[in-house]
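# Residue-level structure breakdown
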Amino acid sequence: MKSKLKPGLTHSQTYETTVQMRAAQLVTADVFSTPAMIGLMEGTCVRLTAPFLDEGENTVGMHVDVHHLASTKIGQNVTVTAEILEIEGNKIRYAVSAINDAGVKIGEGKHRRAVIQSNKFAGR
């Protein structure tokens, strides 16, 4: 990990929700699913951290604690923001949030990732 990886760094990215992201169990409603939202949050954390990793390093998810606060129709855009809160050894804790294009906060929570050596991790 590079020394410039510090608490306070943020990254935001806007995603269009697609039919593959819908809550399939809701047969009559095309709404964005909780697993898809969490996946976008994790991906945003990965993109925030990646430029600060050394060659051969990567991150893996360890813990997710997220609340899905409001629904979003498929086709709407969602902006996800990740902020690094804490770095302890190889563990990184993030705050994550998601807002839809109507300005409604649809999700928020915390996420933890571990920095790993890809070649050693794959050999386990």
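First, a word on what this report is: a plain description of the structure on this page. Everything quoted here is computed from the prediction, not taken from an experiment.

It is worth spelling out the environment of Thr34 at this point. Tracing the sequence through the fold places Thr34 in helix H1 (residues 34-49). Under the relative-accessibility criterion, Thr34 is labelled partly exposed at 33%. The spacing of Thr34 and Ser71 is 37 residues in sequence and 9.3 Å in space, taken between C-alpha atoms. At 2.6 Å, the side chain of Thr34 and the side chain of His68 are in polar contact.

It is worth spelling out the sheet that holds strand E1 (residues 10-16) at this point. In spatial order, the strands read E1-E3-E4-E5-E2; together these 5 strands make up an open sheet with antiparallel pairing. Every interior strand has two partners, whereas the edge strands, E1 and strand E2 (57-68), have only one. Looking at each pair of strands side by side, their axes are set apart by 25° on average, direction ignored. Relative to strand E5 (residues 105-117), strand E4 (residues 91-100) is paired through 9 bridges, and the arrangement is antiparallel. Its bridge partner lying in E5, Ala95 is registered against Lys110. Its contacts with the sheet put H1 on E1, E2, strand E3 (77-88), E4 and E5, and the angle it makes with E2 is roughly 140°.

With that settled, the discussion passes to the side chain of Thr59. Note that Thr59 resides in strand E2. Thr59 gets classed as buried once you look at its relative accessible area, which sits at 8%. Here Arg113 takes part through its side chain, which lies 2.9 Å from a polar atom of the side chain of Thr59. Beyond its immediate stretch of four places on either side in the chain, Thr59 contacts Val46, Thr49, Leu53, Arg113, Ala114 and Val115.

Taking 1.5 Å per residue, 16 residues should reach 22 Å; H1 reaches 23 Å between its end C-alpha atoms and fits that length. Among all positions in H1, only Ala36, Met37, Leu40, Met41, Gly43, Thr44, Cys45, Leu48 and Thr49 are buried. In this fold, the buried residues of H1 make contact with E1, E2, E3, E4 and E5. Its side-chain oxygen at 3.2 Å from the backbone nitrogen of Ala36, Ser33 defines the N-terminal cap of H1.

Cut-off values and rules
- Residues numbered from 1 in each chain as written.
- Predicted model: local features only at pLDDT ≥ 70, side-chain atom pairs only at ≥ 80, totals over all residues.
- Heavy atoms only, no water.
- Helix = DSSP H or I, 4+ residues; strand = E, 2+ residues; numbered from the N terminus.
- Buried < 20%, exposed > 50% of the residue type's maximum accessible area, 1.4 Å probe, protein only.
- Polar contact = N/O pair within 3.5 Å; in protein donor to acceptor, adjacent residues only side chain to side chain.
- Pairing = 2+ DSSP bridges.
- Axes fitted to C-alpha atoms, helices over the stretch in contact; angles between N-to-C directions.
- Contact = heavy atoms within 4.5 Å.
- Expected span 1.5 Å × (residues − 1).

Take it as geometry only, folks, not as evidence of what the structure does.
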